[in-house]
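For reference, the chains in residue letters:
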Amino acid sequence: MAASPVTPQRDSWATRAGFILAAVGSAVGLGNMWRFPYVASEGGGAAFVALYLAIVAVVGIPLMTAEFVVGRLTQQSPLVAVRRLGGRRWAPLGWLFILGGFGILSYYSVIAGWTMRYAFDAVRNAIPSDTSGYFNEVSSGLDAVFLHLLFMAVTIWIVVQGVRKGLERSVLVMMPVLFLLLIGLAIWAKTLDGGDPGYGYYLRPDLGALLRPGILAAAAGQAFYSLSLGMGALMTYASYLRSKENLAREATVVALSDFGVAFVAGLVVFPVIFAFDLFDTVSESSIGTLFIALPKGFEILGRTGDFVDTAFFVLLFLAALSSAISLLEVVVTAIIDRWGWRRGRAALVAGGAITLLGIPSALDLAVLGAIDQISGNFLLLVGGLGIAFFVGWRIFPQADAELAQGLRSPRLRWVWGALVRFVAPVVLVAVLVSAWPATWAAVRTLLGLE
Ligand code: PHE
C-alpha cells in the first residue's frame, strides 16, 4: 500500500452550482420519494410537516453547516479530517462514517435496482397488471441480485470519472431533469378525478399525532436520512470546495430544496392513491407499497399512464443514483486520502465490497428492512451526535473561524454555535433513546434471533 496521506492534486468543484446540485442530489433520493410521504401522513399530516421543518431548522441546517465547515476546513476525507483535527480519540467517528457508507449503500442499491427495472419495463410498456406479483418477481431472487449489480456498476462508473467529470457533470444533467419531471407529475396529479381527498389525507393537521411516542424520533430519523446527514457525505462534498462562500446559506439552500422535493413527492403520491382507490395496497408503509400501488394506478390510465409511469420511475432512478454516488464517494475519498490509492482502484474495490455486502438484502427483504433501520435510523443519528460534539466542543474556535469566512455576522454565528453545541446534542440523545427499541429488534433480526 503506497503511503501518501495527502493527495497532491485534489479534486474540486468547477462551479458553485455544481457543488449545490451535487449536495441536493445526495440529499434528494429514495428517502424523499417514498419515505417522506408515508412518514408524514402517518405522523399527523401538516402537523408532522411542521415538526419536521422545525427539526430541519434547529438541528438539520446547523449540523449540515457543521459538516460543510469541517470539509472545507480540512480539504480532506472525513476519515482523515476528524482524526487530524481531533486527534486519535476521534478516529472512531471517521470509521463510523465509513460504516454508514457501506451499510446504507449496500441496501440502497437494491431498491435503486428495482427502479431501473421499473423504468426499463415502463419504457417498453411491459409492466404487467398484476403489479404485486411483478414486484415480488423484481424484488427477489436472481433478478434482484442482477439489478443490484447493474446499479452498482453504474454508480461505480460515475465515481471512477472523478469529481468534475463524473459527479458534477452527471448532477448538472440529472437534477434539472428530476425537478422538471417531479413538477410535471404534481401538476398532472392535480388533474386527476377523485384525487383531491388525497391532499386532505396527506396534510390534515392532526395535532394529536404529535403526542404519540416516537414521533420525534420518526421526524428526526427522517430528517437525517433525507438530508444525508451524519455520515460525512456532505462533509466529503464540501472537502472539494475552494471558494469561501457562506456555508450556512449553502446548507439552507440544500435543506430547503430537499424538503421541497419531499413535500412535492407527497403531492404526487396521495392524489394518485385516492384517485385510483389504491388504499388497500398501501395500507401499511412497507417497503414495496409504492412499487405496487403506483403502477396499478398508472395502468388504469391507459396511454397517458404509459408516459407517466416512465416519468415516475426515471425520476426515482435519477434521485437514487445521485444519492448513491455520494454514499460511495465517502468511502472512495477516504481510501484515496488515507492510503493514497488511485481513484479507479479505490472505487472498484470499495464498490465491489459494497456490492457483495448488498447481496443478502437483494435476496431477503427482511434483511433489507433491518439494515435500513439500523443504518438509516440509528447510525446516522449517532454520527450526527458525534459531529455535534466534535464541531461544537472539540474544534469550535477553528470551526467558527472557518464559518466566519463566508458568514460575517457574529450574531448568526452565535446562534449556530448554540444550536450545534446545546440544542442538537439534547435533541439527538432524546431521539436515540426512543429509537433504540426498534434498532435492537432489527439487530436481533439480522442475527437470526427472531
Ligand atoms: N439522502 C438520501 C435519500 O434521501 C439518502 C442518503 C443518506 C444519502 C445518507 C447519503 C447519505 O435518499
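Here, the structure is the one placed above.
Residues numbered from 1 in each chain as written. Predicted model: local features only at pLDDT ≥ 70, side-chain atom pairs only at ≥ 80, totals over all residues. Heavy atoms only, no water.

Remarks on the overall build of the chain
In terms of regular secondary structure, the chain is built from 18 helices and zero strands. Scored against the burial criterion, the 450 residues of the chain give a buried share of 60%. Taking the contacts inside the chain whose residues are at least 6 apart along the sequence as the reference set, 85% of them involve residues at least 24 apart. Element-wise, carbon and sulfur atoms account for 67% of the exposed surface of the chain, whose accessible area totals about 17,100 Å². One finds the centroid of the 31 positive side-chain charges in the chain at a distance of 17 Å from the centroid of its 27 negative side-chain charges. (Helix = DSSP H or I, 4+ residues; strand = E, 2+ residues; numbered from the N terminus. Buried < 20%, exposed > 50% of the residue type's maximum accessible area, 1.4 Å probe, protein only. Contact = heavy atoms within 4.5 Å. Areas by Shrake-Rupley, 256 points an atom, 1.4 Å probe, with all protein chains shown as cover. Lys, Arg positive; Asp, Glu negative; His and termini not counted. Charge placed at Lys NZ, Arg CZ, Asp CG, Glu CD.)

Concerning unusual backbone geometry
In this model, Asn-125 sits at a positive phi of 65 degrees, which is unusual for a non-glycine residue. Considering the arrangement of structural elements, one finds Asn-125 in the loop between helix H5 (91-123) and helix H6 (131-138). With a phi angle near 55 degrees, Ser-228 is a residue other than glycine that sits in the positive phi range. Position of Ser-228 relative to the elements: it lies in the loop between helix H10 (215-226) and helix H11 (233-238).

A look at helix H14 (residues 303-339)
With 37 residues, H14 ought to run about 54 Å at 1.5 Å a step, and its terminal C-alpha atoms sit 54 Å apart, in line with that. The largest bend in H14 amounts to roughly 25 degrees and is located at Glu-329. Directly after H14, the chain includes Gly-340, whose backbone phi takes a positive value near 70 degrees. (Expected span 1.5 Å × (residues − 1). Bend = angle between axes of the 7 residues up to and from the residue.)

Comments concerning the site of the ligand
In the vicinity of the ligand lie 14 residues, with Ala-27, Gly-31, Tyr-108, Tyr-225 and Ser-228 positioned nearest. One of the backbone nitrogen or oxygen atoms of Ser-26 is found 3.2 Å away from a nitrogen atom of the ligand. Protein contacts shield 100% of the accessible area of the ligand, which totals 320 Å² for the unbound molecule. For the shell around the ligand, the elements supplying multiple residues, two or more each, are helix H1 (16-27), helix H2 (30-42), H10 and H14. Counted by class, the shell around the ligand contains six nonpolar, eight polar and no charged residues. (Near = heavy atom within 4 Å. Polar contact = N/O pair within 3.5 Å; in protein donor to acceptor, adjacent residues only side chain to side chain. Nonpolar A, V, L, I, M, F, W, Y, C, P; charged D, E, K, R; others polar.)

Describing empty space enclosed by the protein
Here the structure, examined in full by the defined rule, presents three cavities of 30 Å³ or more. Roughly 140 Å³ of internal volume is contained in the largest cavity. Together, 15 residues line the largest cavity, and Ser-26, Tyr-225, Ser-228, Ser-323 and Leu-327 are the ones closest to its centre. Considering each element in turn, the lining of the largest cavity owes the most residues, three residues, to H14. Class assignment for the residues of the lining of the largest cavity results in nine nonpolar, six polar and no charged. (1 Å grid on protein atoms, 1.4 Å probe; cavity = no way out; pocket = protein on both sides within 12 Å on 5 of 7 lines; lining within 4 Å. Points joined across faces, edges and corners; volume = space filled by probe spheres on them.)

As for the packing of helix H7 (residues 141-160) against helix H15 (residues 343-363)
Closest axis-to-axis distance for the H7/H15 pair is 9 Å, and the angle between their directions is 160 degrees. By the criterion of interaxial angle, the relationship of H7 to H15 is roughly antiparallel. H7 and H15 meet at a crossing whose hand is right-handed. Contacts between H7 and H15 pair Gly-141, Ala-144, Val-145, His-148, Leu-149, Met-152, Ile-156, Val-159 and Val-160 from the former with Arg-343, Gly-344, Ala-347, Leu-348, Gly-351, Gly-352, Ile-354, Thr-355, Gly-358, Ile-359, Ala-362 and Leu-363 from the latter. Residues of the contact of H7 with H15, tallied by class, amount to 13 nonpolar, seven polar and one charged. (Axes fitted to C-alpha atoms, helices over the stretch in contact; angles between N-to-C directions. Parallel < 35°, antiparallel > 145°, perpendicular 65-115°, else oblique. Left-handed = near helix turned anticlockwise from the far one by under 90°.)

Section: the layout of surface pockets
Reported here for the second largest pocket is a volume of approximately 200 Å³. Looking at the second largest pocket, the residues that line it are Ala-57, Ile-61, Pro-62, Thr-65, Asn-246, Ala-248, Arg-249, Leu-407, Leu-412, Val-415, Trp-416 and Leu-419. Elements supplying a minimum of two residues to the lining of the second largest pocket: helix H3 (46-74), helix H12 (247-275) and helix H18 (410-446). Along the lines of polarity and charge, the residues of the lining of the second largest pocket split into nine nonpolar, two polar and one charged.

Observations concerning the packing of H5 against H7
Their axes nearest at 7 Å, the elements H5 and H7 cross at an angle of 100 degrees. Between H5 and H7, the interaxial angle falls into the category roughly perpendicular. Contacts between H5 and H7 involve Leu-105, Ser-106, Ser-109, Val-110, Ala-112, Gly-113, Trp-114, Met-116 and Arg-117 from the first element and Asp-143, Ala-144, Leu-147, His-148, Leu-150, Phe-151, Met-152 and Val-154 from the second. Grouping the constituent residues of the contact of H5 with H7 by class yields 11 nonpolar, four polar and two charged.

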